[in-house]
Amino acid sequence: MVTSHVVTWEVTESLGYETSWIEIRGTTLKARGRAVGTRPEVHWISYDLDTGEDFVTRELHVRAATATGSRELALLHDGHGRWTANGEPLPEVDGALDCDLGLCPLTNTMPVLRHALQLGPGERTFLMAWVSVPDLTVHASRQTYTHLAHTETGARIRFTSGDYRRDVEFDGDGLVIDYQGLAHRLSLSPGRPRP
């Protein structure tokens, strides 16, 4: 079964907005998104994300434009824990299963869905290939997701990375409703299942 969503968030941290077109098929996710922000500088972002089974990132293609020009990133995962950025190896993120695009609420979805943290108790720590926006540099990031409570619409999960700690509300499909201090959802098209 395939479920499609179109989600728009106000990204308060960047003083901007993001819309993502998302397709979930079994345990895979495909998405394309567009964002505009004014912090840390005025920028436009467009991205295409594709995962394999168990929501493991296969590839993330990002394009960024700022007043100083534009840049692109092709972040690829080989399915065996090795990553490249524009063809260059990234040994510091070897073993990571997920990308995390900065200022993007969508990329919190994959680890949550993989471990069903939106459905019940649990705590998981991950190594992520974190992409800084708008410069598109890739860094290793240790992140912990902890299921705190069920809500009327899904669950509240605590996100921790170093000294950074925020509570994030997810719906039952694992999509962000409210990410404390980063973003909150403005609209969601109803999920439309297809065979």
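A few points on the structure.

Attention now goes to the overall build of the protein. Tallying secondary structure elements over the protein gives one helix and 16 strands in all. Buried positions account for 51% of the 195 residues belonging to the protein. Intrachain contacts of the protein at a sequence separation of at least 6 include 43% that bridge at least 24 residues. About 9,100 Å² of surface is accessible on the protein, with carbon and sulfur atoms providing 52% of the total. Here the protein contributes 19 positive and 26 negative side-chain charges, whose respective centroids are spaced 3 Å apart.

The next point concerns the side chain of Ser14. Looking at where Ser14 falls in the secondary structure, it is placed in the loop between β1 (2-11) and β2 (16-25). Leaving out residues up to four positions away in the same chain, Ser14 has contacts with Val36, Gly37, Thr38, Arg39, His43 and Leu103.

Further remarks concern the layout of surface pockets. Considered as a void within the structure, the largest pocket measures approximately 270 Å³ in volume. Around the largest pocket, the lining is made up of 17 residues, and of these Glu13, Gly102, Leu103, Trp130 and Leu182 lie nearest the centre. Secondary structure elements with two or more residues in the lining of the largest pocket: β9 (98-101) and β12 (154-161). The residue inventory of the lining of the largest pocket, partitioned by class, reads ten nonpolar, five polar and two charged.

What follows deals with the pairing of strand β13 (residues 164-171). Here β12 runs beside β13; their pairing, made up of eight bridges, is antiparallel. Bridge assignment links Ser161 to a residue of β13, and that residue is Tyr164. Between β12 and β13, which pair antiparallel in sequence order, lie two residues; one of them, Gly162, sits at a positive phi of approximately 60 degrees. Linkage of β13 to strand β14 (residues 176-179), two consecutive antiparallel strands, is achieved through a turn of four residues, within which Gly174 is found at a positive phi near 80 degrees.

This part covers the packing of aromatic side chains. For the structure on display, the rule yields four aromatic pairs. Relative to Phe159, the ring of Tyr145 lies with its centre 5.3 Å away and its plane at 80 degrees, an arrangement referred to as edge-to-face. Here the residue Tyr145 occupies a position in strand β11 (residues 138-150), and Phe159 occupies one in strand β12, the gap between them amounting to 14 residues. For the pair Tyr145 and Phe159, one class covers both residues: buried. Among the aromatic residues, those joined into a cluster by ring pairs are Phe126, Tyr145, Phe159, Tyr164 and Tyr179. Cation over ring: Arg32 sits above Trp21, and NZ or CZ is 4.6 Å from the ring centre. Here the guanidinium or amino end of Arg166 rests over the ring plane of Tyr164, the centre of that ring lying 4.5 Å away.

So, on to the nonpolar core. Counting residues in hydrophobic clusters, the biggest one holds 49 residues, and the most contacted among them are Leu60, Leu75 and Leu106. For this core, the leading source of residues is strand β10 (residues 123-131), giving five residues. When residues no more than four places from it in sequence are discounted, the contact partners of Leu106 are Trp9, Glu18, Ser20, Ile22, Ala31, Tyr47, Leu49 and Leu175.

What follows deals with empty space enclosed by the protein. Over the atoms a probe the size of a water molecule is rolled, and this reveals where empty space is left. Summed over the entire model, instances satisfying the criterion amount to one cavity of 30 Å³ or more. Roughly 90 Å³ of volume is contained in the largest cavity. In terms of lining, the largest cavity is formed by 15 residues, of which the most central are Glu18, Ala35, Ile45, Gly102 and Leu103. Within the residue set of the lining of the largest cavity, elements represented by two or more residues are β2, β3 (28-37) and β4 (43-51). When grouped by side-chain class, the residues that make up the lining of the largest cavity number ten nonpolar, four polar and one charged.

Note: most peptide bonds trans; most residues except glycine with negative phi. Residue Pro40 follows Arg39 across a cis peptide bond; omega there is 5 degrees. For Pro40, the position within the fold is in the loop between β3 and β4. Pro134 follows Val133 through a cis peptide bond whose omega is 10 degrees. Note on placement: Pro134 falls in the loop between β10 and β11. In this structure, Leu15 is a non-glycine residue whose phi angle is positive, near 55 degrees. Considering the arrangement of structural elements, one finds Leu15 in the loop between β1 and β2. Looking at Leu15, the relative accessible area reads 52%, which means it is exposed. A positive phi angle, close to 60 degrees, is found at Asp54, a residue other than glycine. Mapped onto the elements of the fold, Asp54 is located in the loop between β4 and β5 (57-66).

Rules used in this analysis
Residues numbered from 1 in each chain as written. Predicted model: local features only at pLDDT ≥ 70, side-chain atom pairs only at ≥ 80, totals over all residues. Heavy atoms only, no water. Helix = DSSP H or I, 4+ residues; strand = E, 2+ residues; numbered from the N terminus. Buried < 20%, exposed > 50% of the residue type's maximum accessible area, 1.4 Å probe, protein only. Contact = heavy atoms within 4.5 Å. Areas by Shrake-Rupley, 256 points an atom, 1.4 Å probe, with all protein chains shown as cover. Lys, Arg positive; Asp, Glu negative; His and termini not counted. Charge placed at Lys NZ, Arg CZ, Asp CG, Glu CD. 1 Å grid on protein atoms, 1.4 Å probe; cavity = no way out; pocket = protein on both sides within 12 Å on 5 of 7 lines; lining within 4 Å. Points joined across faces, edges and corners; volume = space filled by probe spheres on them. Nonpolar A, V, L, I, M, F, W, Y, C, P; charged D, E, K, R; others polar. Pairing = 2+ DSSP bridges. Phe/Tyr/Trp six-rings, centres within 6.5 Å; stacked < 30°, edge-to-face > 60°. Lys NZ or Arg CZ within 6 Å of the ring centre and 35° of its normal. Core = buried A, V, L, I, M, F, W, Y, C linked by side-chain atoms within 4.5 Å.

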